[in-house]
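# Structural description and commentary
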Amino acid sequence: MNPSPPYRSAGWAALAVLAVYIATLAPTVTFWDAGELIAAAHGLGIPHPPGTPVYVMLAHVWGLLVPFGDYAWRLNLLSAVCGAVAAGCWFLVTHALMRRLDPEAPPRFARRAGYSAAAFTAFSFTTWQNAVEAEVYAVAMLTIALAAWGAVRWSELRDERRSPRLLLLLLFLGAMSIGNHLLALLVGPAVLAFLAAESWRNPRLDPVRRQAERARLAVLAAAWWLLIAVGLGSALLSGIGVVLLLGALGLAISRKQWAFAGMALVLIVVGISPYLFLLLRARQGPFINEADPSTLDALLAVIRRAQYPIRTPLDDPTVYHGPANPGRTFTILGYQLANYAQYFDWQWARGLGDQALTRWPRILVSAGAIWLGLTGLAAAWRRDRSAWLLLMTLFGVTGVGLVLYMNFKPGPSIGWDRWSTLGDHEVRERDYFFVVSFVAWGVTMAIGLGTMVRRAAIRWPEARWPVVLFALAAVPVLGNIRDASRRHGPDATLARDFARALLQSVPPGGILFTWGDNDTFPLWHAQEVDGIRRDVTIVCLALAETDWYQRQLRDVKPVPADRARLATVWADVPDPTWPGPVHGLDDAAIAAFRPQLADRDYELPLPGIGALSIPKGSELYARDMLLLSVVSTNAGHRPIAWSVSAMQKLYGAPVVQQGLAVVLPVDSTTLASLGHSLAMAGDEIPIDMTVTQGLMDHTWHFGDLLHRTLETLDPNIAAMARTVALPYTRLGVARLGQGDTLAAIHDLEIAAHLSPGQTGIREFLAGLTAGAP
């Protein structure tokens, strides 16, 4: 008789984890994909490829069922709950493996090892970060944890009639995961290795039952291959998968496993079916409709991620794919492995930082984590090769295996000695791609800790101190709580605050050019979820490289501003009456465009305002074509604004800075009416001092950003803080030009605080302060 799993203890572990997660949860939006995903869930939209339909539908329902709290907080809570339940599953996996490794040990050792696993897995840095933001990774981690537990539980129930149901559950988890994130499918090799080892190392004595079991495993393996192939959008791999599955189904049928084979097919169809949501919803034109998968071809392009540049594991990742790519080198691989080692080092005590006094303690913590994990793997190797295969395969495939397959550029914190430009580096640290390997190592650490305590208890049976060693599981909790928390940092509300400040910098009915994810996705959230400034038409220049976005944008209809939620500086500014399209490019022009160089100097007249200048030799991409068309179509009718993060695409437009935007007024009369509020800020762009100061005083709110130290901010977050600093810098310079030195010092002090790494502002401010009255 198989012992009943300690579900109650696992439940307590999950509740404890959830309590800590909630304590570090905030009603906020993080940068990168969270704003897009929250907005997509709210309006049943379609986020960037591959569309994540399972997450969108799950989060939408969750947001409806949880009737309290800010909407972003609710979806952050969804991640926290998924992460906590996953921790409970890792408790169960570790408890079961410890019982297998040492069946003679008192039950309390396995239980305490399970609690350790819950702590090690839930509070490793990257897992914790994922569990307190609205992202797909916590849902994927729950899928992986459930699959691992299902495999271990199957090994305990092999002799019972219900055991095939667990295999079907595993297949269901894999099938549904392709509609969330392919990361979850990477548990497949580990699970299949474990199941195969159990079947072949501990075969059933009855040959008929043994053959039936192995036929079911063959179906599961072939189906998993097919799911990965479909998730990748590979026709070749899908074709191989179909052949493998047909062979496995034939084997299952020949061994009288008709019902299992039939259910496997049903579950594969169920797993693929969420993609129909993308097809149907895209045709309804939701607010977010990335890649517009409203046709079968477009849907397949979304699944294949066709809009992203190709990068194979053999390429030099810093060079575009093609004949000119020199290929991946051992030098690049060395940096990639160093990046992975860096991310591993972050997991167990990130809060200790990189300073001289804390770096070595953190290295000691990481060394201890390595030692505990190796102890656990050694124990599994000696006593239970199936368990060793489960853990080692999961760790290897999702760690070094992903390093080899994903072939990332060097991260932002490494490799600048060899790759000196931003384009040669990943736009952010990619530790979240390897989170499964960190969790797998957390389980091996818990087994190692349990093994170590058990040995000490055998050697000193009367002593009580060995049990105290389980307190080591608290190290990640204490070492990561400061850095993993979304609640307490000075940047806790920055994405949301930046979005509102930028949108409110645009006059009513304006068009706003943004550059990429971080100055676009939070704005989508502000408009779709919070209802802020829906009258502003956002034009993301990164997405403007795609034909589907150009077509969508043309059909966007302007809406009147919500006067009750409009910044006070715009109270007397009327809505534009222009009903025309956002741009004038038809489908033929969009399809025919190819990147080119300007063969001479060009000027694009803007009647009554000025002109745009296109110098000879300028590189003109699709986003440039779209921008020029938007400006020429709407100049004189609607205000046109550039985020200060997109000013590299001004083309000499006669703009005025107003807050976080530079704005092309509707006409020269409007420009002249600004009168005395205009001032030069040290360069050719004047700043509207009245509007900018009014936004700062009455509209902008940046939480603790203006009051707390910013030296330890993530590099990407620090870059956004420097963006916020720009209007303060230019306002201070303008005030200085008018002779208002004290006001200038105040503005420049804020700018210097927001840009702690910019020594130029501090040096200038120091000299200015020394000469101030």
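My aim in this report is to walk through the structure given alongside it, one point at a time. Note that the coordinates shown come from a computational prediction; the quantities given were computed from them, not determined experimentally.

## Some details on the overall build of the protein
A tally of helices and strands in the protein yields 31 helices and 11 strands. Relative to the globule expectation of 28 Å for 773 residues, the C-alpha radius of gyration of the protein, 29 Å, shows essentially globular dimensions. If you line up the protein on its principal axes, its C-alpha atoms span 90 × 60 × 55 Å. Within the protein, buried positions represent 57% of all 773 residues.

## Quick notes on the packing of helix α29 (residues 715–737) against helix α30 (residues 741–754)
Their axes nearest at 8 Å, the elements α29 and α30 cross at an angle of 165 degrees. With respect to their mutual orientation, α29 and α30 come out roughly antiparallel. Considering only the axes of α29 and α30, their crossing is left-handed. Contacts between α29 and α30 pair A721, R722, V724, A725, Y728, T729, L731, G732, R735 and L736 from the former with T741, A743, A744, D747, L748, I750, A751 and L754 from the latter.

## Looking at the pattern of salt bridges
Taken as a whole and assessed by the stated rule, the structure comprises 25 salt bridges. Of the charged contacts in the structure, one is a salt bridge between D483 and R482, with a shortest N-O distance of 3.0 Å. Overall, R482 belongs to the exposed group, its relative accessible area being 60%. In this structure, R735 and D747 form a salt bridge, with 3.0 Å as the shortest nitrogen-oxygen distance.

## Points about a nonpolar patch on the surface
A cluster of nonpolar residues, L169, F172, M263, V266 and V270, forms a patch on the protein surface that exposes about 360 Å² of accessible area. Looking at the nonpolar patch, the elements with two or more residues in it are α8 (163–177) and α12 (258–272). With three residues, α12 is the largest single contributor of residues to the nonpolar patch. Tracing the sequence through the fold places L169 in helix α8.

## As for the packing of aromatic side chains
According to the stated counting rule, one finds 26 aromatic pairs in the structure shown. Considering the side-chain rings of Y7 and W149, the 6.3 Å spacing of their centres and the 85 degrees angle between planes classify their relative orientation as edge-to-face. Here W149 lies in helix α7 (residues 137–156) and Y7 lies in helix α1 (residues 7–23), a separation of 142 residues in the sequence. For Y7, a relative accessible area of 45% puts it in the partly exposed group. Given the relative accessible area of 10%, W149 is considered buried. When the ring centre of W346 is taken as origin, the NZ or CZ atom of R350, which lies over that ring, is 4.1 Å away. The lysine or arginine in question, R385, covers the ring of W381, its NZ or CZ lying 3.5 Å from the ring centre.

## As for helix α5 (residues 107–122)
If you check α5, its first and last C-alpha atoms are 23 Å apart, about what 16 residues at 1.5 Å a residue would give, namely 22 Å. By the burial criterion, the buried members of α5 are F109, A110, A113, G114, S116, A117, A118, A119, F120, T121 and A122.

## With respect to the nonpolar core
With 238 residues, the main nonpolar core has L195 and W642 as its most contacted residues. With 20 residues, the top contributor of residues to this core is helix α4 (residues 71–101).

## Description of the side chain of S294
For S294, the location among the structural elements is in the loop between α13 (275–282) and α14 (296–304). Those residues in contact with S294, other than ones at most four positions away along the chain, are L279, A282 and R283.

## Quick word on the side chain of D102
Here D102 lies in the loop between α4 and α5. Relative accessible area serves as the criterion here: at 15%, D102 is assigned to the buried category. Beyond its immediate sequence surroundings of up to four residues, D102 is in contact with R383 and R454.

## So, the pairing of strand β1 (residues 511–514)
Of the two faces of β1, the one holding I511 and F513 and the one holding L512 and T514 are both buried throughout. Examined bridge by bridge, β1 and strand β2 (residues 537–540) share four bridges and lie parallel to one another. Counted as the bridge partner of L512 is I538 from β2. Where β1 lies against strand β7 (residues 640–643), three bridges are found, and the strand directions are parallel.

## Focus: the environment of I745
Relative to the helices and strands, I745 resides in helix α30. Each C-alpha atom, one on I745 and one on R735, is 9.0 Å from the other, the two residues being 10 residues apart in sequence.

## Some words on the pairing of strand β5 (residues 610–614)
As paired elements, strand β4 (residues 602–606) and β5 share five bridges and run antiparallel to each other. Residue pairing in the sheet places P605 in a bridge with A611 of β5. As consecutive antiparallel partners, β4 and β5 are separated by three residues, and within that stretch G608 has a phi angle of approximately 80 degrees, a positive value.

## Describing unusual backbone geometry
With omega at 15 degrees, the peptide bond leading from P49 into P50 counts as cis. One can find P50 in the loop between α2 (34–43) and α3 (53–65). The phi angle at A291 is positive, at roughly 70 degrees, despite the residue not being glycine. Secondary-structure assignment places A291 in the loop between α13 and α14.

## Remarks on α13
Note that an α-helix has 3.6 residues per turn; residues three or four places apart therefore point the same way. Most of α13 sits out of view: six of its eight residues are buried. For α13, the complete set of buried residues consists of Y275, F277, L278, L279, R281 and A282. Those residues of α13 that are buried are in contact with α2, α3, α12 and α14.

## A look at the packing of α5 against helix α19 (residues 435–459)
Where α5 contacts α19, the two axes come as close as 8 Å, and the packing angle between them is 145 degrees. Here α5 runs over α19; the crossing is right-handed. Packed against α5, whose contacting residues are F109, A113, S116, A117, F120 and T121, the element α19 presents V439, G442, V443, M445, A446, L449, G450, V453, R454 and A457 at the interface. Counted by class, the contact of α5 with α19 contains 11 nonpolar, four polar and one charged residues.

So, how was this worked out
- Residues numbered from 1 in each chain as written.
- Predicted model: local features only at pLDDT ≥ 70, side-chain atom pairs only at ≥ 80, totals over all residues.
- Heavy atoms only, no water.
- Helix = DSSP H or I, 4+ residues; strand = E, 2+ residues; numbered from the N terminus.
- Rg over C-alpha atoms; globule rule 2.2 N^0.38 Å.
- Buried < 20%, exposed > 50% of the residue type's maximum accessible area, 1.4 Å probe, protein only.
- Axes fitted to C-alpha atoms, helices over the stretch in contact; angles between N-to-C directions.
- Parallel < 35°, antiparallel > 145°, perpendicular 65-115°, else oblique.
- Left-handed = near helix turned anticlockwise from the far one by under 90°.
- Contact = heavy atoms within 4.5 Å.
- Salt bridge = Lys/Arg side-chain N within 4 Å of Asp/Glu carboxyl O.
- Patch = residues over 30% accessible without salt bridge, like charges linked within 9 Å, V, L, I, M, F, W, Y side chains within 5 Å.
- Areas by Shrake-Rupley, 256 points an atom, 1.4 Å probe, with all protein chains shown as cover.
- Phe/Tyr/Trp six-rings, centres within 6.5 Å; stacked < 30°, edge-to-face > 60°.
- Lys NZ or Arg CZ within 6 Å of the ring centre and 35° of its normal.
- Expected span 1.5 Å × (residues − 1).
- Core = buried A, V, L, I, M, F, W, Y, C linked by side-chain atoms within 4.5 Å.
- Pairing = 2+ DSSP bridges.
- Nonpolar A, V, L, I, M, F, W, Y, C, P; charged D, E, K, R; others polar.

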